[in-house]
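Working through the structure, step by step
Single-letter residue listing:
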Amino acid sequence: QLDPENTGFIGVETFASLVHSHELPLDPAKLDMLVALAQGNDEGQVCYQELVDLISSKRSSSFKRAIANGQRALPRDVLLDETGLGIYKRFVRYVAYEILPCEMDRRWYFYQHRTCPPPVFMAAVTLTQIIVFLCYGARLNKWVLQTYHPEYMKSPLVYHPGHRARAWRFLTYMFMHVGLEQLGFNALLQLMIGVPLEMVHGILRISFLYLAGVLAGSLTVSITDMRAPLVGGSGGVYALCSAHLANVVMNWAGMRCPYKLLRMVLALVGRAVWLRFSPPLPASGPQPSFMAHLAGAIVGISMGLTILRSYEESLQDQCGWWVLLLSYGTFLLFAVFWNIFAYDLLGAQIPPPP
């Protein structure tokens, strides 16, 4: 009677009046969860199938989310559009709209956000990259295309195929940059995208995503281009950018960030356009590695959809997370054996390390 068109949905107010008028013997906690489910859709409607699942205590993913939402003690006066906020609170509100697709998640994040712990990982990585760049710039008296100085490539941080046994270089190359242009591009994206992501999703998820992109970049280059050295944190940056882009696309209707697709496309292809139309680099030195960028983007798209899907849901409870982790572990294992055995078996002509 309440759903004459057989849509499977009725308004939450209609359902509430039905419960009160007929005194249905439903658990109040389950009713709260059902209301949380109704608030999770755009029109605020109760789904019949979700009601059936609720009564039968089935634990679907939406039901688990409803439990988490129902356990939130969110005051009614928490409004994202309130006026008179301080600078930091306005920034938190901006981050909520920029990163989270669900209005309830935005309000909950805005309400419970604390300044401690601060987003220290992306800030620390960016600061370290700037310090390393300044130290080498002062030492070599060279601020543009530093990699074309012979002493620069002798750094123990640079990845070079002749130094594959020094495993730390597969990660520490992210602190070295070709020159001011590459450093500025990476630092800008790390602060504009990485810091908001870390504020919402936490240091563990974002640091894992960033370092996974960095490591995948160097290992992919070691497989596809055995003669190439590597510097720069672009693998990690592209992992962050592509993860956020995938999250925006998958939750397009719910995202409130302005110019959402345009800004992310510019972020991903801006450097490629710069390299295309900028003056050519000297042929005698290292050239940009597009495989590192591609590997970082693949890591971001694949892992980002899982890591950024819900900022409160535990990764251990997600089946897709374990599939991705197993796939990434398999790639790492293959890359390790490749670096140990393939160079000798294929007779790769490695340039002498500096």
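Residues numbered from 1 in each chain as written. Predicted model: local features only at pLDDT ≥ 70, side-chain atom pairs only at ≥ 80, totals over all residues. Heavy atoms only, no water.

The protein chain carries the name Rhomboid-related protein 1 in an unreviewed UniProt entry, which gives Nesospiza acunhae as its organism. In its Function (unreviewed entry) section, the UniProt record describing the protein chain reads: "May be involved in regulated intramembrane proteolysis and the subsequent release of functional polypeptides from their membrane anchors." (UniProt positions renumbered as here; feature names shortened; annotations may be inferred.)

What to know about the pattern of salt bridges
Counted under the stated rule, the structure contains one salt bridge. Of the charged contacts, one joins E151 and K154 as a salt bridge, the two residues approaching to 3.3 Å between their closest N and O atoms. (Salt bridge = Lys/Arg side-chain N within 4 Å of Asp/Glu carboxyl O.)

Regarding the UniProt feature "transmembrane region" (unreviewed entry) in the protein chain
Per the UniProt record, "transmembrane region" (unreviewed entry) is found at residues 120–139, 170–191, 203–223, 235–254, 290–308 and 320–341. The span residues 290–308 is 95% helix and 0% strand, and its two end C-alpha atoms sit 25 Å from each other. (Helix = DSSP H or I, 4+ residues; strand = E, 2+ residues; numbered from the N terminus.)

A word on helix α13 (residues 290–307)
If you check α13, its first and last C-alpha atoms are 25 Å apart, about what 18 residues at 1.5 Å a residue would give, namely 26 Å. When the local axis directions of α13 are compared, the greatest deviation, roughly 25°, occurs at I301. (Expected span 1.5 Å × (residues − 1). Bend = angle between axes of the 7 residues up to and from the residue.)

Examining the nonpolar core
Within the largest apolar cluster, 60 residues are counted, with the highest numbers of intra-cluster contacts made by Y109 and Y210. Contributing elements (two or more residues each) for this core: α5 (87–99), α6 (103–112), α7 (120–140), α9 (180–201), α10 (203–224), α11 (234–250), α13 and α14 (319–346). Considering each element in turn, this core owes the most residues, nine residues, to α10. Of all hydrophobic cores here, the second largest spans seven residues; its members include F15, L31, L34 and V46. (Core = buried A, V, L, I, M, F, W, Y, C linked by side-chain atoms within 4.5 Å. Buried < 20%, exposed > 50% of the residue type's maximum accessible area, 1.4 Å probe, protein only.)

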